[in-house]
Every structure is written in C-alpha cells, then in structure tokens.
Amino acid sequence: MPSMAQSHNPKGKISFNHNNKPNFARRQKILEQRKSLPIASVEKRLIEEVQKHDILIIVGETGSGKTTQIPQFLFNAGFCRDGKSIGITQPRRVAAVTVAKRVAEECGVELGQKVGYSIRFEDVTSSSTRIKYMTDGLLLREALLDPFLSKYSVIIVDEAHERTVHTDVLLGLLKKVQKVRSKNVEDHTLVGRKRASNGTILEKENTDPGVSVLKQYQGRKLPPLKLIIMSASLDARVFSEYLGGARAVHIQGRQFPVDIFYTVDPQTDYLDSAIVTIFQVIHSNEASGDILVFLTGQEEIESVEKQIQENLKQLREEDRKMITVPIFSSLPSEQQMRVFAPAPPGFRKVILATNIAETSVTIPGIKYVIDPGVVKARSYDPVRGMESLVVVPTSKAQALQRSGRAGREGPGKCFRLYPESEFEKLEDSTKPEIKRCNLSNVILQLKALGVDDVFGFDFIEKPSRAAIKKSVEELILLGALTDDCKLSDPVGCQMARLPLDPIYSKALILASQFNCLEEMLIVVAMLSVDSIFYEPRENQIRRHVEQMGLCISSCGDDTLQFRRCLAAAFFLNAALKQPDGKYRALASGEVVSIHPSSVLFRTKADCIIFNEFVKTSDKYIRNVTIIDGFWLTELAPHYYAKEE
Ligand code: CDP
Ligand code: MG
C-alpha cells in the first residue's frame, strides 16, 4: 500500500506564516528587563563622562548591567562611527561567549554580525562587528599584529578587579597605546616605534610581526582611544592611582539583604556538606528559589551532579522537582546557555558553578548560595620554577561577592560551609594572579611587543624580580630569547605567534624538525584545553603552524622518534627514579610521585618527562612519558651538560 507521502502529489505552493508571538513576547520581556536595570537611568550621564574623560573607571555591583549595556550605550552614542569598534575584554571565555549572545539577542541581530565574540580558537566576528567581546588574553594577541589597536575607538577592560595576569599586562599596554594615540605625542616608547610630529607613525627598521601593520599606518592618523575600566569591587583607588588619577564613577546597585549562615563545626568533606545543605537545609525546608553552589572545578561539579541525581531517586515523586545545571569554562557554549533558562514551573534549579558565577556571569533567579569557601587558583614557586593549581581558601572579598549573588532580586540566604571563626582568618582580598604564576608567557609576549626592559615595565603591581628572572632564564633555555635577552629569530618570533604556553610552542617547532609534527599537534591540542572531550581544537593550531611554514609530517609508528622530540622540548620537566620508587624532578629538585590516574602509574622506568605538577595530599606529576636519560645530554646539552 502506498504511503500517504507517496500518494500525495503537491500541485501548488503553500506558504506558512511563522508564529512570531513567542518571539515578540520574549523581545518585549528583554526590553522591560533592560529598562529596569540600575544602569538604564544613568545612560546619558555615563556617555557624558566617557566623552569628557579619556580614561574612566566604572564601578558597579554585579548584575547592574555594566557588561551588557555600556557597549550598547556607546554604540548608540556614535562611538562606532568611522567603522571603528568597541572592544570589551573578559577574564573568562564563558563570560565573553554568553554575554555576546545575550547582547546580540538584545540588539535583535545575528551573533557574529554587529555583535560578536572572539576567544582563543574561536572567532565569531565579521567585518560588520562593532561590539566585540573577547578574552583579555586575546586582545594581547591582537596587539602583536596591530600594536596600536587601530580598529578600536573604545576598549573596555571588564572585571578588572579579578586582576588576572592578562588584565594586568593589558592595562600597562593600553596605557601606552592610549598615550601614543592621543594627540601631540611625538615620540613614544611602546615598541621603540617612532611617530612624527604630525601624528604619522613611521616605519620601524627591523622586521617583526607588527611591521606589516605599521606599513598600513603610514600617512594615517589614528583617532584617540577611549579606555574604560569596569570593576565589581568598590575599591577603585588602585586603578585610579595607576592611571594617573583617572575619574571613577559608581553605579548605584540594587542589593537586597542576604542572611549569612555558618556551620557550627568545621566540615571534613565540603562536597558532602553541600549535598546535605541542598537537600536537608534548603529543598525540604525553604521556599522556592534557585540554588547556586560554588565548586572548584569540572570534576567536583560532575561528581556533585551525579550525587544529586542519586539522592533525587530516593525522594517521593512530588519532592523530585529539582534540575541541575553545571557551568564551567570548558563546557560547550550551547550547554553554557542552559544556565540562564528558567527551571520548569514548580521546579528548583541548582546551578553548580566554578567561581565564574562570582562576578563574570550574572544568573537570574538565585535565592540561595552555598559557599564551601574554597577556590582553585594558580600558585607559583619562582625558586623551583614550579607552577601548580591548588585549592585554596577564598578571600573575604570573594566570600562577600558570592553571598551577594543571593540578593539580586529579593532577600536571600547564603550558607557558608565553614565556622564563622574561619571567616575572620581569611585574607581581605585575593592576591593578583601575576604574583602567583609562571611569567614565561607574559614575558615572551612583552618581548614580541617590543618591550625590551621587562623588569622596568609599568605593571600595576610588579611581580617579584625572582619570578621575572626565572621566566627569562626559562625562555633563554627554550631558545626563545637570546643570551642577551632579545627575542630570537625565528624561534622566539614563532613561539610568540602561537597562542600556546611557550613550552608547547617549542614542542611544535621541534616536532617539525623531528618529522613528527602531525603527532605533536594532537598532543599539544589535547594538553592545552581543559577537556579533550569538549574541545578538540587540533584544527585551529594546525592553521597557525601552516601559516608559519612549518613542515607537517608524521613519524608513523616510530614512537622512539616522537619520544625523543618530547624529551628535546620538555627537558626542563625531566625526573629520575629514586631508590624508594619516587621520582626527583631534575630542574626543581622536588620529589614527586606519578599520579594514580596515569597509565604509567606503576612504571619502573629510570627517566621520565612530565607535563603537569599537581599538589594535593601529595606532590604528583601527570602526563608522563618514558625517555632515555642519555637523550637529555644529547638533546639539551646547554642545560644538562653543565651538570656533568
Ligand atoms: O556586568 P554586570 O554584572 O553589571 O551585569 P550584566 O552582566 O550586564 O547583566 C545585566 C542583566 O542581564 C542581569 O540581570 C542578568 O541577569 C541579565 N543577563 C541575562 O539574563 N543573560 C545573560 N546571558 C547575561 C545577562
Ligand atoms: Mg559584568
């Protein structure tokens, strides 16, 4: 029997009208939301301030509308005339992506057109993009190719209070770029490039990544650059002082009271305490309203999510009305957006977040906050040259920010999973990242930008001399800098172009000589993303190395060749077996164990190289490869021959 479809023979065309009602209702709702934001009533005044001052600091409570509204105000006020763009930097990728999507929706445009975003390995912009959200690290990379950031009329450094290493470096750079672009500056020291008295930028003699762009500038004047620093922290003094007494304006927030609860006793397992708080303290006793739980990373989030699902199964049908939504950096962007969708009627939404939700991303509907009082942070030991990720107590400022998330739309409650006496012991504010991370990447970038005297760079807060020195030494050992601390050509220049940790860039460059670039691309792509299951970004890095003219070939089954190449790149991370079975890292002298999750956990090999150092209950290394100890003296004689 013929099916309906086959027997039906369409004769004419039918056109359907899309039901626009839901869309219209949503747009109407968004419009109302925008109008009710605290920032909406001060649009005119803010624009006047920006027009009057070349540098403006804007301080406002999280959720007041800074990130989503101010770029639109500027656009409407004509700051993108002449085809220039407004650039907004975020410390976190998630924020750049979710905010760009929201603003595109508010403007009623397709993402990537007027409003777009650009993060490492993902560029959703076009020639018509005028409001561009991006990570702070990405803008630094743009400065390598376009040293005067010529396509921007305004740069907004958002979430400046986070004080990421990229934000700090960016502030120093922007200060200089702005000086150059403001009128009447004849000469400048940004990169040793000259500017004539008529404002024309003269070409620099030698060749570097910026030169081709400089050629385009010849004979053209750049308009001045407006700089806006936005921060959720009330203390704008540090930024104002650094930026020559820049003006700071405060946006009145709307904050409802939040009741703070502490545990009576210290908790041994905060994940367990979080679960108990979700179910026994909130879900079964408290009124409706969503819960935001702060956790330290993806692993914790996934384990708590699983536990919640287990617990829900034990409950009566009518008590199971709870949904969980995770949010962390490496989550694919479609899934990140789930966090903003309201829970189905009658359901409670439990948001499991890293400290992304502290200030970067404002999620509506939260009435309860659960704060274990810890955060995962970078930590660096400049003596040993070891960087690690460690779980540390939050600062008081962070604890306050977190509890504030419960009082955005009405009175809320915050449950701190530690006793009140512990709160008093917390640091007042978080130490800037630049004081606790490996600086090799930063120094390589500064060198590529032409900042020769890295010790003298105008940092908002100077990293220790020891940390700078250690990183300079590391870059010399990797061949990125010459012995007299100049960017080496071509290795240093090539390394600076790759959006990767210097050691990975070096591994790729070496791999092209060892005929195993095909394999190394896969390894480096896997190592440089948070989760390989979400972001296989090997295609993007490949484009970079192709542009650099490196030879992509495969070593096939010759794993020996590949391991030799790894040894040549990661020689600083070599470790030798000790009589007790542990390993001693040669560069730092640290005694470490291979992490139980490693396939080589039970290896008996004498010499290994590793990629990651983690400090939990013990000191562990991860991502381990067996090598032959003799390779080190053969492949890295400048380092190991000295010790013989
Ligand atoms: O930057 P700030 O913390 O001042 O606020 P914002 O990020 O501009 O957020 C303003 C409002 O937009 C908040 O009420 C958010 O709930 C809302 N928003 C949203 O609903 N969805 C997003 N993806 C981003 C913001
Ligand atoms: Mg914001």
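This structure is a prediction, so every number in the text was calculated from the model and none was measured.

Participant: Explain the site of ligand 1 residue by residue, including any values.
Facilitator: Near ligand 1 you find 16 residues, and of these Lys66, Thr67, Thr68, Arg102 and Thr362 are the closest. Where the shell around ligand 1 is concerned, the elements lending two or more residues are α4 (66-76) and α5 (93-107). Top element by residues in the shell around ligand 1 is α4. It accounts for four residues. Class assignment for the residues of the shell around ligand 1 results in four nonpolar, ten polar and two charged. The two domains that each donate at least three residues to the shell around ligand 1 are domain 1 (41-184 + 222-251) and domain 2 (258-434).

Participant: With reference to specific residues and values, describe the pairing of strand β6 (residues 152-157).
Facilitator: In terms of burial, β6 is a largely internal element, six of the six residues being buried. The pairing of β6 with strand β7 (residues 226-231) spans four bridges and is classified as parallel. Looking at β7, one finds that Val154 is bridged to Lys226.

Participant: Talk me through the packing of α4 against α5; I want residue IDs and the actual numbers.
Facilitator: Two quantities define a packed helix pair, namely the angle between the helix axes and the distance between the axes. At a minimum axis separation of 10 Å, α4 and α5 run at an interaxial angle of 50 degrees. Here α5 runs oblique to α4, going by the angle between their axes. As α4 packs across α5, the resulting crossing turns out to be right-handed. Taking contact as the criterion, the partners of Thr67, Thr68, Pro71 and Gln72 in α4 are, on α5, Val99, Arg102, Val103, Glu106 and Cys107.

Participant: If you had to explain the sheet that holds strand β18 (residues 583-585) to someone new, which residues and values would you point to?
Facilitator: The sheet built from five strands closes into a barrel, its strands ordered β17-β18-β19-β21-β20 with mixed pairing. Averaged over neighbouring strand pairs, the angle between their axes works out to 50 degrees when direction is ignored. Where strand β17 (residues 574-577) and strand β20 (residues 607-615) come together, three bridges link them in antiparallel fashion. Opposite Ala574, over in β20, you have Ile609 as the bridge partner. The sheet contacts of helix α22 (residues 559-569) involve β20 and β21 (619-627), and relative to β21 the element is tilted by about 135 degrees.

Calculation notes
Residues numbered from 1 in each chain as written. Chains lettered and ligands numbered in written order. Predicted model: local features only at pLDDT ≥ 70, side-chain atom pairs only at ≥ 80, totals over all residues. Near = placed C-beta within 6 Å. Helix = DSSP H or I, 4+ residues; strand = E, 2+ residues; numbered from the N terminus. Nonpolar A, V, L, I, M, F, W, Y, C, P; charged D, E, K, R; others polar. Domains from an automatic or database assignment. Buried ≥ 20, exposed ≤ 12 C-beta atoms within 10 Å, placed from the backbone. Pairing = 2+ DSSP bridges. Axes fitted to C-alpha atoms, helices over the stretch in contact; angles between N-to-C directions. Parallel < 35°, antiparallel > 145°, perpendicular 65-115°, else oblique. Left-handed = near helix turned anticlockwise from the far one by under 90°. Contact = placed C-beta atoms within 7 Å.

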